[in-house]
Amino acid sequence: MTGVELLALAASTSLLAGWRLYLVTFVTGLAMRLGWIDLPDELVALDVLANPWVLVLSGAAALFEFFADKIAFIDSLWDGINTAVRPLGGALLALAIVDPGDPVWQVSAFILGGGAAFLSHSGKAATRAMVNTSPEPVSNMIVSTGEDVATLGLLALAIANPVAAAIIAVILVLASLWLILVARRLVRQVLNRS
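Reading the values: rules and limits
- Residues numbered from 1 in each chain as written.
- Predicted model: local features only at pLDDT ≥ 70, side-chain atom pairs only at ≥ 80, totals over all residues.
- Heavy atoms only, no water.
- 1 Å grid on protein atoms, 1.4 Å probe; cavity = no way out; pocket = protein on both sides within 12 Å on 5 of 7 lines; lining within 4 Å.
- Points joined across faces, edges and corners; volume = space filled by probe spheres on them.
- Helix = DSSP H or I, 4+ residues; strand = E, 2+ residues; numbered from the N terminus.
- Nonpolar A, V, L, I, M, F, W, Y, C, P; charged D, E, K, R; others polar.
- pLDDT = per-residue confidence, 0-100.
- Expected span 1.5 Å × (residues − 1).
- Buried < 20%, exposed > 50% of the residue type's maximum accessible area, 1.4 Å probe, protein only.
- Core = buried A, V, L, I, M, F, W, Y, C linked by side-chain atoms within 4.5 Å.
- Contact = heavy atoms within 4.5 Å.
- Phe/Tyr/Trp six-rings, centres within 6.5 Å; stacked < 30°, edge-to-face > 60°.
- Lys NZ or Arg CZ within 6 Å of the ring centre and 35° of its normal.

Chemist: I would appreciate a short explanation of the layout of surface pockets in the present structure.
Modeler: Empty space left among the atoms is revealed by rolling a probe the size of a water molecule over them. By volume, the largest pocket is sized at about 260 Å³. Along its surface, the largest pocket is lined by 16 residues, and L7, A11, L112, A116 and V170 are the ones closest to its centre. Every element with two or more residues in the lining of the largest pocket is listed here: α1 (3-33), α4 (103-132) and α6 (162-193). Among the elements that line the lining of the largest pocket, the one with the most residues is α1, at six residues. The residue inventory of the lining of the largest pocket, partitioned by class, reads 13 nonpolar, three polar and no charged.

Put into structure tokens, the structure is as follows:
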């Protein structure tokens, strides 16, 4: 992989970690364990994701998140807990992907990876907070399932074509910013009516 592809892969996985950190960790580790992903020498730090203990823990967390995300009040609580975890996970994934011999790349990847994960998590949490207020459970399940499918699809794209995935990641970051602003406006309107 070229430097641009590595940076694109780091950006994409960080963004996806803001949505589904445990799923990204599990699928990446499983793909590495099964030989679907051949790691170049510079990505040897990611080899830890294929460790059986990491696979069991991330798989169990992904499974819990899959079901918790479908229940409105549990989803909101889970997003609150993961406000610190997902950005840190995204930062660490980005850090593991870049050149370990260059501290400038490492610091940049850590900051940008954490920022991308935090931004995508914030957009997801803001959207889900609006959806979770709906009295019927179907919309929450549909949005959650859409996030699951989008995460898996974008992760597969990030592995197959990191640059295309990074372009989509930039679009999703912009969409996350927009969703945060919309949620903020809606909260203000609700508070002003009270």
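Now that the structure is up, let's keep going.
Chemist: Would you explain the confidence of the model for the chain in this entry?
Modeler: Where the model shows low pLDDT, its predicted coordinates should not be examined in detail. Confidence in the prediction of the chain, expressed as mean pLDDT, is 83, and 93% of residues score 70 or more. Of all secondary-structure elements in the chain, the lowest mean pLDDT belongs to α6, at 80, while helix α2 (residues 52-68) reaches the highest, 94.

Chemist: Please explain α2 as it appears in this structure.
Modeler: Since there are 3.6 residues in each turn of an α-helix, residues three or four apart along the chain are aligned in direction. Helix length check: α2, at 17 residues, gives a terminal C-alpha distance of 24 Å against a target of 24 Å (1.5 Å per residue), a fit within 8%. Taken residue by residue, α2 has L55, S58, G59, A61, A62, E65 and A68 as its buried positions.

Chemist: Got a minute to help me understand the nonpolar core in this structure?
Modeler: Nonpolar side chains in soluble globular proteins tend to be buried together. Counting 30 residues, the largest nonpolar core has L16, Y22, L46, L93 and I97 as its most contacted members. Every element with two or more residues in this core is listed here: α1, α2, α3 (72-97), α5 (138-160) and α6. Apart from the residues lying within four places of it in its own chain, the contact partners of L16 are L21, V24, T151, L154 and L155.

Chemist: Whenever I open this one, the environment of E136 confuses me. Can you help?
Modeler: Relative to the elements of secondary structure, E136 occurs in the loop between α4 and α5. As for E136 and A72, which are separated by 64 residues in sequence, their C-alpha atoms are 9.6 Å apart.

Chemist: Even after reading the chapter, I still don't get the packing of aromatic side chains, so can you show me in this structure?
Modeler: Two numbers describe a pair of aromatic rings. These are the distance of the centres and the angle of the planes. A complete count under the given rule lists three aromatic pairs for this structure. Ring plane angle 50° and centroid distance 6.0 Å describe the contact between Y22 and W78, whose orientation is recorded as tilted. Of this pair, Y22 sits in helix α1 while W78 sits in helix α3; the two residues are 56 residues apart in sequence, bridging distant segments of the chain. Owing to a relative accessible area of 16%, Y22 belongs among the buried residues under this scheme. Residue classification places W78 among the buried residues on the basis of a relative accessible area of 14%. Seen from the ring of F66, K70 lies directly overhead, with NZ or CZ sitting 3.9 Å from the centre.

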